[in-house]
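Descriptive analysis of the structure
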Amino acid sequence: TSVFASVPEAPQDPILGLNELFREDPSPHKVNLGVGAYRTDENRPYVLGVVKRIEQEMAADTATVHEYLPIEGWPEFRRLSAHLVFGADAPALREERVVTLQSLSGTGSLRVVAEFLAHFYRPGTVCCIPQPTWGNHKNIFPRAGLPVREYRYYDDANRGLDYDGMVEDLEAAPTGSIVVLHACAHNPTGADPDMQQWQGVLEVVRRRRHFPLFDCAYQGFASGSFERDAAAIRLFAAATPPLEMAVTQSFAKNMGLYGERVGALHVVCAEAAVTRAVMSQLKQVARAMYSSPPGHGAAIVTRVLRDPALFAEWETEVQVMSGRIMRMRRELHQALQENGTPGNWGHVLTQIGMFSFTGLSASQCLYLRERYYIYMTSNGRISMAGLTSDKVRYLADAMKDAVL
Ligand code: PLP
């Protein structure tokens, strides 16, 4: 018998499990609204034009090599990715208070910072995460040694941010807690604080001496503007006196580099004097976990970030992607009105980012899957990126049937 005979089978990841069910479904009508990746209006994965061209150049360039990157990543990538998040002239960057480690997309950056904080931040700290949040937060932090606790975030009745609940819970959290914030396009709700509310969150965080950790997975992808989507981060990073915080940055969605695992962790320190030691310990974590980050995707991102013409082209493509998503929101909302689906569906329009939190119940979601071959997570979250023009009416009619 195997030494693993008593290993219990872990539950399947709900989203990846959904994709598997979708693949096996033979129905020609099937629609996958569970995908966390952009699809074109022809329902195909999208490689950005600027990325494709750079890859062709790299393939043709005899100087392209596949050497290891340093543990902390490629210096130019680190510098330019920090500029993208904080703004090139951010005081924290000018004062050399930011430590940047290239890591494995958003997830790897979160895992590295979690382990670092578990070792070097205040012992016994809890990590406050929004309720609901991206499911993987609940895996990443405890596995790194940080217990999680939820703060109120979403108001089901109003289908929007529960700002008062959020602020109350952050106020009541133990002093110096780590507070996970979605920088923009909150996953799964699509509900973000407005700038005045962010200011309020900043005030609580400062008063309670919490440590903000911004998960930034959708910069540019939410609104089409890199500045707007980074506004909350920049507000916090520019606070005086300086606030210590961290940002995990992913290029999966905004550059369509999902599988290449390109991202960075930025730790903003109160003083430049500590950055050397912080960097040395982040490198220790990365060294023991995966040794060094992947080079290919980082080379692509760096070329885009350093060349103003390529950057402008990227920005246009990001606007095309976010624009298609916004168009799907408008079309779905209109179709729900036209077919007379009961209820108020304004939230489909006002939510931001790839997802819409429809408010459909778990049993309604199951009904949609079994009766209409429409796949979505059981919390009622649909990926607007998985919706295409030709399926809008089909979805709206199915939703009408489900809620009646
Ligand atoms: N954080 C949030 C909120 C996300 O939605 C995602 C991806 O879906 C990630 C982080 C991490 O993505 P990746 O590890 O592919 O960068």
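Keep in mind the model is a prediction, meaning the values are calculated, not measured.

Some points on the UniProt feature "domain: Aminotransferase class I/classII large" (unreviewed entry) in the protein chain
Mapped onto this structure's residue numbering, the UniProt feature "domain: Aminotransferase class I/classII large" (unreviewed entry) falls at residues 29-398. Helix makes up 45% of residues 29-398 and strand 15%, whereas the separation of the span's terminal C-alpha atoms amounts to 12 Å.

Details of the site of the ligand
Within the structure, the ligand sits among 13 residues, and S105, G106, T107, W134 and S250 are positioned closest to it. The biggest single contributor to the shell around the ligand is helix α5 (residues 105-120), with three residues.

Digging into unusual backbone geometry
With an omega dihedral of 5°, the bond running from Q131 to P132 counts as a cis peptide bond. Relative to the helices and strands, P132 is located in the loop between β3 (127-131) and α6 (137-143). Residues T240 and P241 are joined by a peptide bond in cis, for which omega reads -10°. In this structure, P241 sits in the loop between α10 (231-237) and β9 (245-250). In the Ramachandran plot, R159 falls in the positive-phi region, its phi being about 50° despite a non-glycine side chain. By the element assignment, R159 lies in the loop between β5 (154-155) and β6 (160-161). The exposure class of R159 is buried, given the 21 C-beta atoms found within 10 Å. Even without a glycine there, the phi angle at A185 is positive, about 50°. Mapped onto the secondary structure, A185 falls in the loop between β7 (178-182) and α8 (195-207).

Comments concerning the sheet that holds strand β4 (residues 148-152)
The mixed open sheet is built from seven strands, whose spatial order is β2-β10-β9-β8-β7-β3-β4. Each edge of the sheet is formed by a strand with only one pairing partner; in this case those strands are β2 (98-104) and β4. Put simply, the sheet's adjacent strands are angled 25° from each other on average, direction ignored. As judged from the four bridges shared by strand β8 (residues 211-216) and β9, these two strands associate in the parallel manner. Among the inter-strand pairings, D215 is bridged to a residue of β9, identified as T248. Running over the sheet, α5 touches β2, β7, β8, β9 and β10 (262-268) and is turned about 30° from β10. Against the sheet, helix α7 (residues 163-172) engages β3, β4 and β7, with an angle of about 140° to β4.

A closer look at α5
Counted at 1.5 Å a residue, the expected span for α5 with its 16 residues is 22 Å, and the 23 Å between its end C-alpha atoms agrees. Within α5, 14 of the 16 residues are buried, leaving the element largely enclosed by the surrounding structure.

Scoring rules and cut-offs
Counting starts from 1 at the beginning of each chain's written sequence and moves along it residue by residue. Thresholds applied to this predicted model are a pLDDT of at least 70 for local features of residues and 80 or more for the giving and counting of side-chain atom pairs; totals over whole chains, interfaces and linings are not thresholded and use all residues. UniProt positions are given in the numbering used here, feature names are shortened, and annotations may be inferred rather than shown by experiment. In DSSP terms, a helix is any run of H or I states spanning at least four residues, a strand is any run of E spanning at least two, and both are numbered starting from the N terminus. Working rule for contacts: place C-beta from the backbone, and if it is within 6 Å of a molecule or strand, that residue counts as near it. With C-beta atoms placed from the backbone, a residue counts as buried when 20 or more other C-beta atoms lie within 10 Å of its own, as exposed when 12 or fewer do, and as partly exposed for counts between those limits. Here, a strand pair is defined by DSSP locating no fewer than two bridges between the strands. A fitted line through C-alpha atoms represents every axis, and for helices the fit uses only the stretch in contact; the resulting angles, taken between N-to-C directions, go from 0 to 180 degrees. Here, residue contact means that the backbone-derived C-beta atoms of the two residues sit within 7 Å. What a helix should span is 1.5 Å times the count of its residues minus one.

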